[in-house]
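Examination of the molecular architecture
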Amino acid sequence: MTMQDPRDITIAGRTIGAGHPPFIIAEMSGNHNHSLERALAIVEAASRAGAHAVKLQTYTADTLTIDVDRDEFIIRDEKSLWKNRSLYELYQEAHTPWEWHRPIMDRCRELGIICFSTPFDETAVDFLEELNVPAHKIASFENTHLPLIRKVAATGKPLFISTGMATEEEIDEALSTAIDAGGNDIILLKCTSTYPAAPESTNILTIPHMSDHFGVPVGLSDHTLGIGVAVASVALGAVAVEKHFTLRRADGGVDASFSMEPEELRALVVETEQAWKALGRVSYGPTANEKASLKFRRSLYVVRDMTVGETFTKENIRVIRPGSGLAPKHLDAVLGKRAARDIKRGTPLTWEAVE
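A few points on the structure. (Residues numbered from 1 in each chain as written. Predicted model: local features only at pLDDT ≥ 70, side-chain atom pairs only at ≥ 80, totals over all residues. Heavy atoms only, no water.)

1. So, the packing of aromatic side chains
What counts is decided by this rule: Any Phe, Tyr or Trp ring, taking Trp's six-membered ring, that has another such ring centre within 6.5 Å forms a pair; planes under 30 degrees apart are called stacked, those over 60 apart edge-to-face, and the others tilted. The helix count covers DSSP runs of H or I at least four residues long, the strand count covers runs of E at least two residues long, and both are numbered beginning at the N terminus. Each residue's exposure class comes from its accessible area (1.4 Å probe, protein chains only) as a fraction of the maximum for that residue type: buried when under 20%, exposed when over 50%, partly exposed otherwise.
One pass over the structure, following the stated rule, counts six aromatic pairs. Here Y59 and F120 contribute two aromatic rings whose centre-to-centre distance is 5.1 Å and whose plane-to-plane angle is 75°, an arrangement assigned as edge-to-face. In this pair, Y59 sits in the loop between β4 (53-58) and α2 (61-64) while F120 sits in the loop between β5 (114-119) and α5 (122-130), placing the two residues 61 residues apart along the sequence. Note on W98 and F127: the rings are 4.9 Å apart at their centroids and 25° apart in plane angle, and the pair reads as stacked. With W98 in helix α4 (residues 98-111) and F127 in helix α5, the pair connects residues that are 29 residues apart, well separated along the chain. For the pair W98 and F127, one class covers both residues: buried. In this structure an aromatic cluster arises from ring pairing among F23, F116 and F160.

Structure representation (structure tokens):
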């Protein structure tokens, strides 16, 4: 029986914590490409792949920014996927229409997959509460938005907080704000806020430190390509993994280039659970399943017929498989001694056979 950890958190009947398989979240983001039909297909594909949750983002261009033609409202980063696009234009393209939330959540409910969202302003929190979402998430770019954190935490729902770019002090401030507002079930997500993220910049050794330091469960919001970083994070104690998800990267979309496809998501679900199972506990000696294999170790055997009084030499005893005789470490102690009785070839050597 798995012992209940006091830090375990339950969302819609599913428990998240160190003693449970990692919670896999498929982030839809803007990969619906402005098609409700495609959004529903993404939900169905995530369910078939074994994801435990689909996550949405709840905002409009107007709740995130304003439509102003000034340089600071334009993305100028040479490495950005969205170089030279205005924030307003990008958010117009990427947002999930609010009227789609209910049909998407209804489809999730039909398929038995959890659906929740990231609200980006107070009106989004109120809207999601009307839909009775089972949890909320604070995005990395909002983890210093303390009024929003306070509003979300006051719902009393489980809360994921992504920590991209945040200092220890900022994380502590976000946590304290959430707890003071009534948030009791909080999971931090280690995150690197680049798109895509390079493995060498993810620093997932921070996960166990973060868990110990802040005293809450920690997962990973992962923007790297592939599943290697996510699997490694589970080995370091991550209790949840969030990855962007699409039907086909070739279909395009604002986040498509760093999103997983269905077969990759399925591999993520399987391999992170395998990694979690492999953690086990600190253990030495044979496991219950290994005990049957002990017989295939080497041991001392008589390899020529011997008569009573004959001397044991390297010609008539050897260290061979199976393991029914004396352990190999006794070879030097036996050599030069005499046989206490006649011994047939193929007999495991025991102390009773040695004078």
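2. Digging into the state of the cysteines
Selection criterion: Here, two cysteine sulfur atoms that lie within 2.5 Å of each other are counted as a disulfide.
Following the criterion strictly, the structure yields zero disulfides and no others. Considering cysteine sulfurs only, C115 is the nearest to C108, which forms no disulfide, with 3.9 Å between them. Taking relative accessible area as the criterion, C108 reaches 0% and is therefore assigned buried. Residue class for C115 comes out buried when judged on its relative accessible area of 7%.

3. Here's the deal with the packing of α5 against helix α6 (residues 146-153)
The line we're drawing: Here an angle of 0 to 180 degrees is reported between the N-to-C directions of two axes, which are lines fitted to C-alpha atoms, with helices fitted over the stretch in contact. Under this scheme an angle from 65 to 115 degrees is roughly perpendicular, one under 35 degrees roughly parallel, and one over 145 degrees roughly antiparallel; angles in between are oblique. When the near helix sits turned anticlockwise from the far one by under a right angle, the crossing is termed left-handed; a clockwise turn instead gives a right-handed crossing. Here, two residues are considered to be in contact whenever any of their heavy atoms come within 4.5 Å of each other. Only Asp, Glu, Lys and Arg are considered charged in this grouping, and only Ala, Val, Leu, Ile, Met, Phe, Trp, Tyr, Cys and Pro are considered nonpolar; every other residue, Gly among them, is considered polar.
Orientation of α5 relative to α6, taken along the N-to-C sense of each, is 15°, at an axis distance of 9 Å. Here α6 runs roughly parallel to α5, going by the angle between their axes. Handedness of the crossing formed by α5 with α6: right-handed. Judged by residue contacts, E122, V125 and D126 of α5 engage P147, L148, K151 and V152 from α6. A per-class count over the contact of α5 with α6 returns four nonpolar, no polar and three charged.

4. A short note on the packing of helix α7 (residues 168-180) against helix α8 (residues 206-214)
Packed helices, taken two at a time, are described by their axes: the angle between them and the distance between them. Orientation of α7 relative to α8, taken along the N-to-C sense of each, is 50°, at an axis distance of 12 Å. The orientation of α7 relative to α8 falls into the category oblique. The chirality of how α7 crosses α8 is right-handed. Within the contact between the two elements, α7 uses E168, I171, D172 and L175 and α8 uses H209, M210, H213 and F214. Here the residues of the contact of α7 with α8 sort into four nonpolar, two polar and two charged.

5. So, a negative patch on the surface
Applicable threshold: Put simply, a patch holds well-exposed residues, over 30% relative accessible area, that have no salt bridge, with like charges counted together within 9 Å and Val, Leu, Ile, Met, Phe, Trp or Tyr side chains within 5 Å. Where accessible areas are quoted, they stem from the Shrake-Rupley method and a 1.4 Å probe; at the residue level, only the protein chains shown are allowed to cover. Here a salt bridge means any side-chain nitrogen of Lys or Arg lying within 4 Å of a carboxyl oxygen belonging to Asp or Glu. For the charge count, each Lys or Arg is scored as positive and each Asp or Glu as negative, with His and the chain ends excluded. Here the site of a charge means NZ on Lys, CZ on Arg, CG on Asp, or CD on Glu.
On the surface, a cluster of negative charge is contributed by E168, E169, D172 and E173. Locating D172 in the fold gives a position in helix α7. The exposure class of D172 is partly exposed, given its relative accessible area of 40%.

6. A closer look at the environment of R107
Note that R107 resides in helix α4. For the pair R107 and V43, spaced 64 residues apart in sequence, the C-alpha to C-alpha distance is 7.4 Å.

7. Some words on the nonpolar core
When a protein is soluble and globular, its nonpolar side chains tend to lie buried together. Rule in force here: Among the buried residues, those of types Ala, Val, Leu, Ile, Met, Phe, Trp, Tyr and Cys that are joined through side-chain atoms within 4.5 Å form a nonpolar core.
Counting 59 residues, the largest nonpolar core has M28, A46, V54, I104, L188, F245 and L265 as its most contacted members. When near neighbours in sequence (up to four residues on either side) are disregarded, A46 contacts A26, A51, V54, I113, F245 and L265. Counting 14 residues, the second-largest nonpolar core is a separate cluster that includes I11, I25, A53 and I187.

8. Looking at the pairing of strand β7 (residues 159-162)
Put simply, the test is: Here a strand pair is declared whenever DSSP counts at least two bridges between the two strands. For a crossover, the right-handed case is the one in which the path from the first strand over the helix to the second runs clockwise, viewed with the strands pointing away from the viewer.
Along β7, one buried face is formed by L159 and I161 and the opposite face, lined by F160 and S162, is buried too. Pairing of strand β6 (residues 136-138) with β7 involves three bridges; the strand directions are parallel. What sits directly across from I138, in β7, is I161. Handedness of the β6-α6-β7 crossover: right-handed.

Treat this as a map of the structure, not an account of what it does.
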